[in-house]
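Residue strings, one per chain:
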Amino acid sequence: MSGEQIRLLVVEDVPQVASHVRSLLNAQSQIKMLDVVTSGDRAVPSVSEMKPDVVLVDALLQGRVSGQQVADQIRKAEAHVGVIMLTVPQNPVSEDPDRGIDAVLKMPFSGFDLTTMIRKVAESRAVESSRSGSLVVTLFSPKGGVGRTTLAYNIAVALGQNHRVCLIDGSLQFSDLRGLLRVPAVAPSIVNLPTDRIREQDLGDVTWRDPSGIDLLLAPPRVEMAEMVTTRDIEKVLSLLRQLYEFVIIDTRAALSEDVLVFLDSADLILQVLTYDSMAIRSLAMAGETFQAIGYPPSKIATILNRSDASGGFDKADVEGAIGSRIDYEVVSDGHLVLASNNEGIAFVTSSPESPIAQGVSRIADSLAAHLAERSPALTRR
Ligand SMILES: Nc1ncnc2c1ncn2[C@@H]1O[C@H](COP(=O)(O)OP(=O)(O)OP(=O)(O)O)[C@@H](O)[C@H]1O
Ligand SMILES: [Mg+2]
């Protein structure tokens, strides 16, 4: 929601009230009033057409469909849309998100009351719907070459066997996944999204179906095009992808830059990757301090030790001490298999599922699946 205009639809059959709301909102630019729908039976079709973030509904709506029914219908049809019920003191209404009432606004109200409530509902609804049934996982390392792209692809394919998965190539300049998977240059990318308001139906045109069955949201085909992708576009895309996929897995470039931070901020879980390499250990320790300063809770971060059998004289406990966190997963080296699979652009979790390296990756995938199941009991499996 941050930095973006909130779209408001008003369902109101009293013209004076509608124009009062409009005049209060005229004084600001954060909330855009899309339209006024004057009868309850047109509310849901208007919501699906105009894609508001919040709908203000008059509880005393006259006609066949009451205000309460409108709220109920919106919640059932478009669960991500927030609903504020507008009423008068003589007709008390209580907040009841299960029946579509996220907040109640009583007349008379000031412009401040109105905008504050709209903002609050838009934010909490966005969080609520993003929390239901999806997990955004960002692979991160400040040091290059530790295996993020290889792991991201294989984790995504492993999860794809039982879940809807979208893998994002967050390596925006060099598009690692394009390289790995030998995707044709004509394949669409994140830059093909419309720049103004990105909608759910636009996503189908820009994702690329990998033969493994997962969808890819690719980075642009040319280095300089990375600049065309804004932080806001990324945020918007992620919030839409959450509604369509159970897992959004993000590969990033080796940096703690603004673009990478968007992927980290939006993540439910950061999988930080390192190897037994003094540079990787040192840079991860430094990044850890930054994460702490930003305020990421420790539960947001898990650590993968890649090539865990190549210790190079290091001790696992020493590494944990140095980075200030536990190593949660270990994936062994298998130069031969990784090289062969990466060169063919296939996942070793499907070509050699019994190999120790694939088993290591599958354990990560299984624990992500368990994590998702914990958060969304009503999970729908493919
Ligand atoms: N567990 C492993 N065993 C053997 N080789 C591996 C393993 N993990 C990664 N590799 C190899 O290490 C190299 C780097 O891997 P990858 O490209 O996945 O890392 P990255 O962190 O995404 O790198 P970059 O900084 O270029 O984005 C590749 O050649 C890959 O084949
Ligand atoms: Mg990479």
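For the structure given in this document, a descriptive report is provided here. Small disclaimer: the values here were computed from a predicted structure and weren't measured.

Another point: the site of ligand 1. Around ligand 1 sit 21 residues in total, of which Gly144, Gly147, Arg148, Thr149 and Thr150 are the nearest. Counting only elements with at least two residues in the shell around ligand 1, the list comes to helix H5 (148-160) and helix H12 (335-344). If one sorts the elements of the shell around ligand 1 by residue count, H12 sits on top with 4 residues. Grouping the amino acids of the shell around ligand 1 by side-chain chemistry returns 6 nonpolar, 11 polar and 4 charged.

All right, on to the packing of helix H2 (residues 43-50) against helix H3 (residues 67-77) then. Geometry of a packed helix pair, given as the angle between the helix axes and the separation of the axes. One way to put it is that H2 packs onto H3 with a least axis distance of 9 Å and a crossing angle of 40 degrees. By the angle between their axes, H2 is oblique relative to H3. Relative to H3, the crossing made by H2 is right-handed. Facing Ala43, Val44, Val47 and Ser48 of H2, the residues of H3 in contact are Val70, Gln73, Ile74 and Ala77. By residue class, the composition of the contact of H2 with H3 is 6 nonpolar, 2 polar and no charged.

A word on the pairing of strand S7 (residues 165-170). Counting buried positions along S7 yields 6 of 6 residues, so the element is predominantly enclosed. Neither face of S7 is left uncovered, since the one carrying Val165, Leu167 and Asp169 and the one carrying Cys166, Ile168 and Gly170 both have all their residues buried. As paired elements, S7 and strand S10 (residues 247-252) share 6 bridges and run parallel to each other. Bridge pairing links Ile168 to Ile250 in S10. As paired strands, S7 and strand S9 (residues 215-217) are joined by 3 bridges and run parallel to one another. Bridging across to S9, Leu167 finds its partner in Leu216.

Take the nonpolar core next. Counting 75 residues, the largest nonpolar core has Ile155, Ala156, Leu167, Val248, Ile249 and Val361 as the members making the most contacts within it. What Ile155 contacts, discounting residues up to four positions off in sequence, is Ile249, Val361, Ile364 and Ala365. Counting 30 residues, the second-largest nonpolar core is a separate cluster that includes Ile6, Val11, Val54 and Val83.

Analysis parameters
- Residues numbered from 1 in each chain as written.
- Chains lettered and ligands numbered in written order.
- Predicted model: local features only at pLDDT ≥ 70, side-chain atom pairs only at ≥ 80, totals over all residues.
- Near = placed C-beta within 6 Å.
- Helix = DSSP H or I, 4+ residues; strand = E, 2+ residues; numbered from the N terminus.
- Nonpolar A, V, L, I, M, F, W, Y, C, P; charged D, E, K, R; others polar.
- Axes fitted to C-alpha atoms, helices over the stretch in contact; angles between N-to-C directions.
- Parallel < 35°, antiparallel > 145°, perpendicular 65-115°, else oblique.
- Left-handed = near helix turned anticlockwise from the far one by under 90°.
- Contact = placed C-beta atoms within 7 Å.
- Buried ≥ 20, exposed ≤ 12 C-beta atoms within 10 Å, placed from the backbone.
- Pairing = 2+ DSSP bridges.
- Core = buried A, V, L, I, M, F, W, Y, C linked by C-beta atoms within 7 Å.

Geometry only, nothing functional implied.
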